Amino acid sequence: SGLGVRHLQIVLLFFALTVAYASRVNLSVAVVAMTDAESVNPDFPNYEWSEKTKSLLLSSFFWGYVITQVPAGYMARKFGGKIMLLTGLTICSILNILTPLCAKIGGWQLVCALRVIEGLCQGVVFPSTHTILSKWAPANERAYLGTCAYSGNQFGTILMLATSGVIAASSIGWPSIFYISGGVGCIWSVVYFFFGAGSPEESKSISVEEKKLIEMSHASEVTQSHDLPKEKLPTPWLSFFTSPAFLVLIVAHSVHNWGFWTLLTEIPSYMKNILGKDIKSNALLSSLPYVCMFAMSFVFSFISQQLNTRNCISTATSRKLFNSIGLYIPMITLICLGYVNTDESELAVVLLCFTVGMNGATYLGYNMNHIDLSPNFAGILMGITNGVANIMSIIAPLIVGFIVTDEHDPTQWRIVFFIASGFYLVGNTLYVIFGKASVQPWNDPPAKPRRNSTPQVESQH
């Protein structure tokens, strides 16, 4: 009971994800000031970049991001989550600080290359975070602690969207967007170097009682006939891709990303061209849906914790319940959004906030399911699902561009919302039918003769 070292690690992971998402989002706001300095702040450099060039810059991050997902999961397991997370975010933060200089020296081409490298570095973030969570979070606290850590995604997005416009228009100008986000990332790296730990075994400050609590929780999940050896286990790749529970987890993650990135990239265009309301012109309004998601993730987390404390429902039922809230409800609100009249922009904003806010429930659904299925290989599983899901993130806006040939035609936008709703329906239904939340047989090593009767808990080195 009370706060322990595991809670400190969750706080550090929260700020790691805040830094990661701030670095990911900052260019989307800064590029407006970089290409229109005359109206924002004429004291700083202005670049004549076309819309095509800007789109290229904004998508370049994901080219690198997708590539390192699966290797990052493997490396986080081999070298430890701490070293991978620390290395990835430190390099990314330094590159952020160098962005204005690169734009000055090499134009958009060098900035594009820089963003690809940043994506490569950030590809380690989710797999490493999952690897660390699998070591630190007791089974009965997994959903709550995981939600607290991953809510840093929204917090970073909110901070950047709400402050970047103000920073760009101030006396310190648009370069400071990169200096501040990169500088904060470097500060986090120093703090994490001294206080972060990849597992309880690596921590020098954890109490014997807390370490025992975590070890006993993990030991209870392991198949009793097997011991976890100290040496590294071989990765059961074939078992991953022949496991129905893991395959539907890939589907659930992918459909969530399809809908989420359709909203993130296309809703501002929809509201501008259909509703005559440019949501990006107001920084606070732009961040409002993510404020809702940030807040609702904690509401859902509290509900989940209460259900868990009272033993009301099983872990599997809890995962499917919250995943259904996070996908089925947005499915309905997206359909409603397609029928909003052009003179009902306030209703559209409410529906958008409600849709993104309800998405926060998925943190307690598929997002924690990797650790349920395999605590030993959680980072690798997250790398696989996040890699596939982010390919969907890239494809979704392209499909929208193919469908919406006339941005002022509501019927074309309706098709976009129907497609996203269809993905939500099919993906979550498959997850509800085939999803599981029990440790899978391939998580454990083959049975070996016991050398002693004391259970061994694997540690990261």
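Here is a short report on the structure shown in this document. (Residues numbered from 1 in each chain as written. Predicted model: local features only at pLDDT ≥ 70, side-chain atom pairs only at ≥ 80, totals over all residues. Heavy atoms only, no water.)

1. Quick look at the nonpolar core
So, point 1. With 86 residues, the main nonpolar core has Met34 and Leu85 as its most contacted residues.
So, point 2. A total of 17 residues in this core trace back to one element, the largest contributor, which is helix H1 (residues 5–34).
So, point 3. Grouped together as the second largest cluster of nonpolar side chains are 16 residues, Leu233, Phe240, Ile380 and Trp442 included. (Core = buried A, V, L, I, M, F, W, Y, C linked by side-chain atoms within 4.5 Å. Buried < 20%, exposed > 50% of the residue type's maximum accessible area, 1.4 Å probe, protein only. Helix = DSSP H or I, 4+ residues; strand = E, 2+ residues; numbered from the N terminus.)

2. Observations regarding the packing of H1 against helix H9 (residues 175–195)
So, point 1. Following both chains from N to C, one finds H1 and H9 inclined at 165 degrees, their axes separated by 9 Å at the closest point. One finds that H1 runs roughly antiparallel with respect to H9. The handedness of the crossing between H1 and H9 is left-handed. Between H1 and H9, the residues in contact are Leu8, Gln9, Leu12, Leu13, Phe15, Ala16, Val19, Asn26, Leu27, Ala30 and Met34 and Ile177, Phe178, Ser181, Val184, Gly185, Trp188, Val191, Tyr192 and Phe195, respectively.
So, point 2. For the contact of H1 with H9, a count of residues per class yields 16 nonpolar, four polar and no charged. (Axes fitted to C-alpha atoms, helices over the stretch in contact; angles between N-to-C directions. Parallel < 35°, antiparallel > 145°, perpendicular 65-115°, else oblique. Left-handed = near helix turned anticlockwise from the far one by under 90°. Contact = heavy atoms within 4.5 Å. Nonpolar A, V, L, I, M, F, W, Y, C, P; charged D, E, K, R; others polar.)

3. Describing a nonpolar patch on the surface
So, point 1. Together, Leu8, Ile187, Val190, Val191, Phe193, Phe194 and Phe195 give the surface a local cluster of nonpolar side chains, amounting to about 730 Å² of exposed area.
So, point 2. Among the elements that make up the nonpolar patch, the one with the highest residue count is H9 (six residues).
So, point 3. Within the element layout of this structure, Phe194 appears in helix H9. (Patch = residues over 30% accessible without salt bridge, like charges linked within 9 Å, V, L, I, M, F, W, Y side chains within 5 Å. Areas by Shrake-Rupley, 256 points an atom, 1.4 Å probe, with all protein chains shown as cover. Salt bridge = Lys/Arg side-chain N within 4 Å of Asp/Glu carboxyl O.)

4. Looking at the packing of H1 against helix H7 (residues 142–150)
So, point 1. Between H1 and H7, the shortest axis-to-axis distance is 7 Å and the interhelical angle comes to 35 degrees. Every residue of H7 that contacts H1 at Arg6, His7, Ile10, Leu13, Phe14 and Leu17 is listed here: Leu145, Cys148, Ala149 and Tyr150.
So, point 2. Taken together, the residues of the contact of H1 with H7 sort by class into eight nonpolar, one polar and one charged.

5. Things to note about the packing of aromatic side chains
So, point 1. Here the structure, examined in full by the defined rule, presents 28 aromatic pairs.
So, point 2. Ring centres of Phe126 and Tyr150 lie 5.2 Å apart, and the angle between their planes is 85 degrees; on these two criteria the pair is classed as edge-to-face. Note that Phe126 is positioned in helix H6 (residues 125–136) and Tyr150 in helix H7, a separation of 24 residues in sequence. Of the two residues, Phe126 and Tyr150, neither departs from the other in class, the shared state being buried.
So, point 3. For the ring pair Phe241 and Phe246, a centre distance of 6.2 Å and an interplane angle of 70 degrees mean the geometry is edge-to-face. (Phe/Tyr/Trp six-rings, centres within 6.5 Å; stacked < 30°, edge-to-face > 60°.)

6. Let's talk about H1
So, point 1. The end-to-end C-alpha distance of H1, which contains 30 residues, comes to 43 Å, matching closely the 44 Å that a straight helix rising 1.5 Å per residue would cover.
So, point 2. Residue Asn26 marks the point of greatest curvature in H1, where the axis turns by about 30 degrees.
So, point 3. Counted residue by residue, H1 has 25 buried out of 30 residues, so it is predominantly covered. (Expected span 1.5 Å × (residues − 1). Bend = angle between axes of the 7 residues up to and from the residue.)

7. Observations concerning unusual backbone geometry
So, point 1. The phi dihedral of Asn311 falls on the positive side, at around 55 degrees, and the residue is not glycine.
So, point 2. Here Asn311 lies in the loop between helix H13 (283–309) and helix H14 (315–338).

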